[in-house]
Amino acid sequence: MRRGPAVDLSAYAGAAGLLVRNPSILLAPFAASLLQIVLTLMAGSMSGGIVGSLNGGLALLIAQLVNSVGLAVAIIGADYAWRRGRTNFSETWDDARRKLPDILMAALGFNFIVFVALQIGGFLNAIAALALGALALFFFIYTLPAAAIGGIPGGASLQISLERARASPLPTALVFVVYVLTFYILSAIASGYLLGWLVSLGVPASNLVAALVVAVVQAILSSYVALVLAKTYADLSYGRRWS
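Residues numbered from 1 in each chain as written. Predicted model: local features only at pLDDT ≥ 70, side-chain atom pairs only at ≥ 80, totals over all residues. Heavy atoms only, no water.

Quick word on the overall build of the protein chain
For clarity, the cut-off: Runs of E in the DSSP output that reach at least two residues are strands. Runs of H or I that reach at least four are helices, and both are numbered from the N terminus. Each residue gets one of three labels from its accessible area relative to the maximum for its type: buried under 20%, exposed over 50%, partly exposed in between, using a 1.4 Å probe on protein chains only. Contacts between residues were defined by any pair of non-hydrogen atoms, one from each residue, lying within 4.5 Å.
Looking only at helices and strands, one finds 9 helices and 0 strands in the protein chain. The helix and strand sequence of the protein chain, counted from the amino end, reads α-α-α-α-α-α-α-α-α. In the protein chain, which comprises 243 residues, the share counted as buried stands at 47%. Long-range pairs, those at least 24 residues apart, make up 74% of the contacts in the protein chain between residues at least 6 apart in sequence.

Looking at the packing of aromatic side chains
Aromatic ring pairs: the centre-centre distance and the angle between the two ring planes describe each pair. This is how the line gets drawn: Any pair of Phe, Tyr and Trp rings, taking the six-membered ring for Trp, is counted once the centres come within 6.5 Å. Such a pair is stacked with planes under 30 degrees apart, edge-to-face with planes over 60 apart, and tilted for the rest. Geometrically, a charge over a ring is one whose NZ (Lys) or CZ (Arg) sits within 6 Å of the ring centre while staying within 35 degrees of the ring normal.
Taken as a whole and assessed by the stated rule, the structure comprises 6 aromatic pairs. Ring centres 6.0 Å apart and planes at 70° place the aromatic pair Phe-138 and Phe-176 in the edge-to-face group. Linking Phe-138 in helix α5 (residues 126-139) with Phe-176 in helix α8 (residues 169-200), this pair joins segments that are 38 residues apart in sequence. Assigned by exposure class, Phe-138 and Phe-176 land together as buried. Here the aromatic rings of Tyr-142 and Tyr-233 are separated by 6.2 Å at their centres, their planes lie at 45°, and the arrangement is tilted. Of this pair, Tyr-142 sits in the loop between α5 and α6 (143-148) while Tyr-233 sits in helix α9 (residues 207-238), placing them 91 residues apart in sequence. Accessibility classification places Tyr-142 together with Tyr-233 in one group, the buried group. Among the aromatic residues, those joined into a ring-pair cluster are Phe-138, Phe-139 and Phe-176. In this structure, Lys-231 is placed above the aromatic ring of Trp-82, and the distance from its NZ or CZ to the ring centre is 5.8 Å.

Points about the confidence of the model for the protein chain
This is how the line gets drawn: Scored from 0 to 100, pLDDT records how confident the predictor is in each individual residue.
In the predicted model, the protein chain carries a mean pLDDT of 86, and the fraction of residues at 70 or more is 88%. Taken element by element, the predicted model of the protein chain shows its lowest mean pLDDT in helix α3 (residues 49-84) (80) and its highest in α6 (96). Contacts for the low-pLDDT stretch residues 1-5, under 50 throughout, to residues beyond four places or in other chains number 19 contacts. Between residues 49-54, whose pLDDT stays under 50, and residues either more than four places distant or in other chains, the model counts 3 contacts.

Encoded structure:
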């Protein structure tokens, strides 16, 4: 197996331009973000008690899986875009449907491991929870690309991710930082700024508008992360190099 460069910074600049030229990559993350918002709202409206807590937890789990599947579909489109300079959603979706069982198992395993790490750390304190959650994310960050690009079975994709992360800590650290900054910081900042700008133009500040703004922002950021993940994983796994 050939190795890519230790750190390929060109992917981070090139991903933005590639996304502009291939907006179809946005479709799956956008649909997933909308569905995730609906499921999250449903979880918040569940009645109290044990049954309500279980239903709310199940809705949140499904929301996370939907978001992960949307990211995985975007990764498939991103891989096509890197290899050929263009992609289309029909081809991407056909490929995703063939790999859907593996993607679902990979998404379930990825979210479960991160969740368990957070819960174990939570028995100590908030800092320990964040530290263990970050550690799990670091080592299993390639789980979805392994299933989406390589078609690797769900359980094996976790092992593949662990191997890639351990063998290439520098590029993995960079992808990890971009992942965290994008999903946990930039998403909230960009959504708030865009919503505030729309309201200043006279757009009503309704729940529907807010949901659409969040979905659009998350779709753009998820697609960028998908492009970076696809490029990094392919470089580390197959030695691919694209300009």
